[in-house]
Amino acid sequence: MKALKRIYLIIIFVFLYAPVLTLIVFSFNDSKSRGHWGGFTLKWYGQLFKDRQVMSSLYNTIIIALLSALVATVAGTAAAVGIHSMKKVLKSFVMNLTYLPVVNPDIVTGISLMILFVFIKLDLGFTTLLLAHITFNIPYVVLSVLPKLKQLNKHMYEAALDLGAKPLYAFFRVILPEIMPGVVTGFLLAFTLSLDDFIISFFTTGSGVSTLSITIYSMARLGVSPKINALSALMFIVVLVLLLIVNKRSATNGRNEAPLINI
Amino acid sequence: MKKRITAFTLLLLAVAVTLSACGSPGSDSGEKTEKVVLNFFNWGDYIEESVIEEFEAKYPHIRVNLETYTTNEDMYVKIKSGGSDYDIAIPSDYMIKRMMDEGLLKEINMDNIPNYKYIGDQFKNLSYDPENKYSVPYLWGTVGILYNKTMVTEPVDSWKILWDEKYAKQIIMSDSERDSIGVALKMLGYSMNSKSIEELEEAKQKLIEQKPLVLAYAVDEAKDMMIAESAAMAVVWSGDALIAMNENENLAYAIPKEGSNYWFDSMVIPHTCKHKEEAELFINFLCEPEMSLKNVNYIGYATPNIETMKLLDPDKITNSTAYPTAEQLANCEIFEYPGDEINKVYNRIWTEIKAH
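Residue numbers restart at each chain and count upward from 1, following the sequence in its written direction. Just so you know, chain letters begin at A and ligand numbers begin at 1, following the order they were written in. Confidence filtering applies because this is a predicted model: local features only for residues at pLDDT of at least 70, side-chain atom pairs given and counted only at 80 or more, and all residues used for totals across whole chains, interfaces and linings.

Q: Can you walk me through the overall build of chain B in this structure?
A: Put simply, DSSP marks the helices as runs of H or I at least four residues long and the strands as runs of E at least two long, and each gets a number from the N terminus on. The secondary structure content of chain B amounts to 14 helices and 11 strands. Any residue with 12 or fewer other C-beta atoms within 10 Å of its own C-beta is exposed, any with 20 or more is buried, and the rest are partly exposed; the C-beta atoms used are placed from the backbone. Counting the 356 residues in chain B, one finds 42% classified as buried. What counts as a contact here is a pair of residues whose C-beta atoms, placed from the backbone, lie within 7 Å. A separation of at least 24 residues holds for 77% of the contacts in chain B among residues at least 6 apart in sequence.

Q: Can you walk me through the overall build of chain A in this structure?
A: Per the secondary structure count, chain A includes 11 helices and zero strands. Listed by position from the N terminus, the elements making up chain A come as α-α-α-α-α-α-α-α-α-α-α. The principal-axis extent of the C-alpha atoms belonging to chain A is close to 70 × 60 × 35 Å.

Q: Looking at this structure, I do not really get the packing of helix 6 (residues 126-151) of chain A against helix 8 (residues 167-196) of chain A. What am I missing?
A: For any two helices packed against each other, one specifies the crossing angle of their axes together with the interaxial distance. All names here are of chain A. Axis definition: a line fitted to C-alpha atoms, over the contacting stretch in the case of helices. Angles run 0 to 180 degrees between N-to-C directions. Closest axis-to-axis distance for the helix 6/helix 8 pair is 8 Å, and the angle between their directions is 155 degrees. Regarding the angle of helix 6 to helix 8, the classification is roughly antiparallel. With respect to the hand of their crossing, helix 6 and helix 8 are arranged in right-handed fashion. Contact residues: helix 6 offers H133, N137, Y140, V141, S144, V145, P147, K148 and L149, while helix 8 offers I179, P181, G182, V183, T185, G186, L189, A190, L193 and S194. Roughly parallel covers angles under 35 degrees, roughly antiparallel covers those over 145, roughly perpendicular covers 65 to 115, and oblique covers all other angles. Note on convention: the crossing is left-handed when the near helix lies turned anticlockwise from the far helix by less than a right angle, right-handed when the turn is clockwise.

Q: Explain the domain arrangement of chain B here, please?
A: For interface size, the figure often reported is the accessible area lost on association. Residues and elements named next belong to chain B. Taken domain by domain, chain B comprises domain 1 (32-135 + 268-287) and domain 2 (141-262 + 324-355). Relative placement of domain 1 and domain 2: their C-alpha centres are 31 Å apart. Residue polarity is assigned by list, with Asp, Glu, Lys and Arg as charged and Ala, Val, Leu, Ile, Met, Phe, Trp, Tyr, Cys and Pro as nonpolar; anything else, Gly included, falls into the polar class. The class makeup of the residues in the side of domain 1 that touches domain 2 is three nonpolar, one polar and three charged. Domain borders in the structure are assigned automatically or taken from a domain database.

Q: What am I meant to see in the nonpolar core here?
A: In globular proteins that are soluble, nonpolar side chains generally tend to be buried together. The nonpolar core criterion groups buried Ala, Val, Leu, Ile, Met, Phe, Trp, Tyr and Cys residues into a set whenever they are joined through C-beta atoms within 7 Å. Grouped together as the largest cluster of nonpolar side chains are 52 residues, with contacts concentrated most on V141, V145 and A190 of chain A. Of all the elements in the fold, those that place two or more residues in this core are helix 2 (43-50), helix 3 (52-84), helix 5 (106-119), helix 6, helix 8, helix 9 (199-204), helix 10 (212-218) and helix 11 (226-252) of chain A. Judged by nonpolar contacts, the second largest core, of 50 residues, contains I47, V136, V296 and Y301 of chain B.

Q: For this particular structure, what's the right way to read the packing of helix 4 (residues 88-103) of chain A against helix 6 of chain A?
A: Residue and element names in this part refer to chain A. Relative orientation of the contacting elements helix 4 and helix 6 amounts to 125 degrees, with a least axis distance of 9 Å. In this view, helix 4 runs oblique relative to helix 6, as classed from their interaxial angle. Viewed along their axes, helix 4 and helix 6 form a crossing whose handedness is left-handed. Residues T98, P101 and V102 of helix 4 lie in contact with helix 6, whose contacting residues are F136, P139, V142 and L143. Split by residue class, the contact of helix 4 with helix 6 holds six nonpolar, one polar and no charged.

Q: Which parts of the structure should I look at to understand the sheet that holds strand 3 (residues 88-89) of chain B?
A: Remark on secondary structure: sheet strands pair via backbone hydrogen bonds, oriented parallel or antiparallel. Residues and elements named next belong to chain B. Ordered in space as 2-1-3, the three strands form an open sheet in which the pairing is parallel. Edge strands, defined here as strands with exactly one partner in the open sheet, are strand 2 (62-69) and strand 3. Across two bridges, the pairing between strand 1 (residues 36-43) and strand 3 is parallel. Pairing of F41 across the sheet is with A89, part of strand 3. When DSSP finds two or more bridges between a pair of strands, those strands are recorded as paired.

Q: In this structure, what is going on with helix 7 (residues 155-162) of chain A? I would like to understand it.
A: Note on helix geometry: an α-helix contains 3.6 residues per turn, so any two residues three or four positions apart are oriented the same way. Taking burial as the measure, the eight residues of helix 7 of chain A include zero buried ones, a minor fraction of the element. Immediately downstream of helix 7 of chain A, the backbone of G164 of chain A shows phi near 100 degrees, a positive value.

Q: I keep staring at the environment of A89 of chain B and nothing clicks. Help me out?
A: Residue and element names in this part refer to chain B. Counting through the fold element by element, A89 comes out in strand 3. Sequence separation of A89 and T325 is 236 residues, and the distance between their C-alpha atoms is 29 Å. Apart from residues lying up to four places away in sequence, A89 is in contact with F41, M75, I79, V268 and P270.

Q: Hey, could you run me through the confidence of the model for chain A in this one?
A: Across the chain, each position has a pLDDT score giving the predictor's confidence in that residue, from 0 to 100. Averaged over every residue, the pLDDT of chain A is 83; the share at 70 or more is 91%. Every residue in residues 254-260 of chain A scores below 50 in pLDDT, and together they form 10 contacts with partners more than four places removed in sequence or on other chains.

Q: I would appreciate a short explanation of the confidence of the model for chain B in the present structure.
A: When pLDDT is low, close inspection of the predicted coordinates is not appropriate. Predicted confidence across chain B gives a mean pLDDT of 83, with 89% of residues reaching 70 or more. Taken as a whole, residues 21-31 of chain B scores under 50 in pLDDT and shows 16 contacts with residues more than four places along the chain or in a different chain.

Q: Help me out: how do you make sense of unusual backbone geometry in this one?
A: Peptide bonds are trans in most cases, and residues, glycine excluded, mostly fall at negative phi. Residues other than glycine seldom take positive phi values, yet K121 of chain A does so here, at roughly 60 degrees. Structurally, K121 of chain A can be placed in the loop between helix 5 and helix 6. Of note in the backbone geometry, D45 of chain B takes a positive phi value of approximately 60 degrees without being a glycine. When you line up the elements, D45 of chain B lands in the loop between strand 1 and helix 2 (49-58).

Q: What's the story with the pairing of strand 5 (residues 136-148) of chain B in this structure? I'm lost.
A: In the case of a regular strand, side chains alternate between the two sheet surfaces. Residues and elements named next belong to chain B. With 13 of 13 residues buried, strand 5 is to be regarded as a mostly interior element. As paired strands, strand 5 and strand 8 (residues 233-237) are joined by five bridges and run antiparallel to one another. The residue bridging I145 from the neighbouring strand is V235, located in strand 8. As paired strands, strand 5 and strand 9 (residues 251-254) are joined by four bridges and run antiparallel to one another. Residue pairing in the sheet places Y147 in a bridge with A252 of strand 9.

What follows is the structure in structure tokens.
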């Protein structure tokens, strides 16, 4: 039985990590082909940093992901607090409005946002891309903060007010720390969703502003360059190292604290 | 806990702010001098980057903003919406015709493109732009058979070899409706742009007959399968053939004598263009033989520029993968849009073949 468990676990890890490993291995492949090993090289890593197009896409991707996740987290948390204290009928109405963008196909969201931006004469570019990402991120933040609010003891806020706290002070000192795990989850969710969105980004960007997914996807016609393997390998390793550091810190910092990243 | 999270948020904010303050290497922050910005809408990885840098060095008042797309259709949707001011784009032949018909292109002032004289005469007055008013050819290529010399012993000079039972389960057909039906039409001696329902039905029968011999219908994967030697023959575009031949020396490419399809990607100025003169300057620059040479060496497709051809390694030209001879080209055709009615017939036939 124990052996069976172990095999099951191994199979799952193979499925999860085999593609990433292949990708990393092929970033050292001297041949441009994906099916054929041409010897070890580091040239794709060198070329990657010289490629203006890829580097500026990487830059845009990170900026857009960070900014849109931050704005969406603030807006989404505020919205969640508001929705939480609504009356029942209004609450279910607003919740349905929130679910809609989540279940809506990306292509519909992308094209409709594009048409909207064109209609209000906003030039497609960095601003519209950022607005689009904030738009599709907000519902995810709302949906990850609301359960935390439901768990909250509703008398805590009242107790804080009774003890003389101003509403704003009570929110930041009492409510926010309690719902923080939900807020962090929402932020991370928004950040990753923004990182790998292609369709909405393609239709809402313009004037030469590209994200990584657009740049990579548009290479499909001539074959995706191994430079992209190199970039993906680097990104994977950076994320891995960051996660390890964060988890290590929360393991050593005090016993009572939950790990920071707790999805 | 709270302190740590506040610190984490502050750190993120700091990163975001610093990054935006530094300005990206390729986007529009930085000095705000009155530079003309050209928005260049191109296929991904379809230009040698140093060409853009040299253009910007030569014309310091212009900056080129590169944005990329994956298919002609994606590009069409974005240009048609008019949300962004694209100044130059590089669509393929049939898409140029469609955009022209819908009034999405501006006429190019050929007086501003003196280098147009380098474009070979056989690449002018083509069916999609008969008066050379809207497009300047960038690169072109053909469709043919990529085969493995160790697996195919007889000469490959006819589409008929794709119906040879000797090669059962070693043939890769193109997973593109026009290409595969076109191959069958050509083998039967008809035009690739056939609008006759009987001819199309005949082609359908041929392709159904061939289906048991076909290993896979593929587009992008075809070249990888050929490099890995898991098939003997594949119907591919010449650009893919070149990439594959560089990786595996047993591979060769042939354009069958019945003729084939040849296609063009040409530079156009969309209706959204705000800086027409600078756009023309850029198109002219891309037609400079040295610049065109850099692009050809980087991308591998064929150039329509005669001066560039003179600069090319003669081996590359005689090796007719990229450059078919005039007689090989004689039977080749450019795809034309057959009209909505016949287009539906193509769709139906292709579905029937794939579902058979």
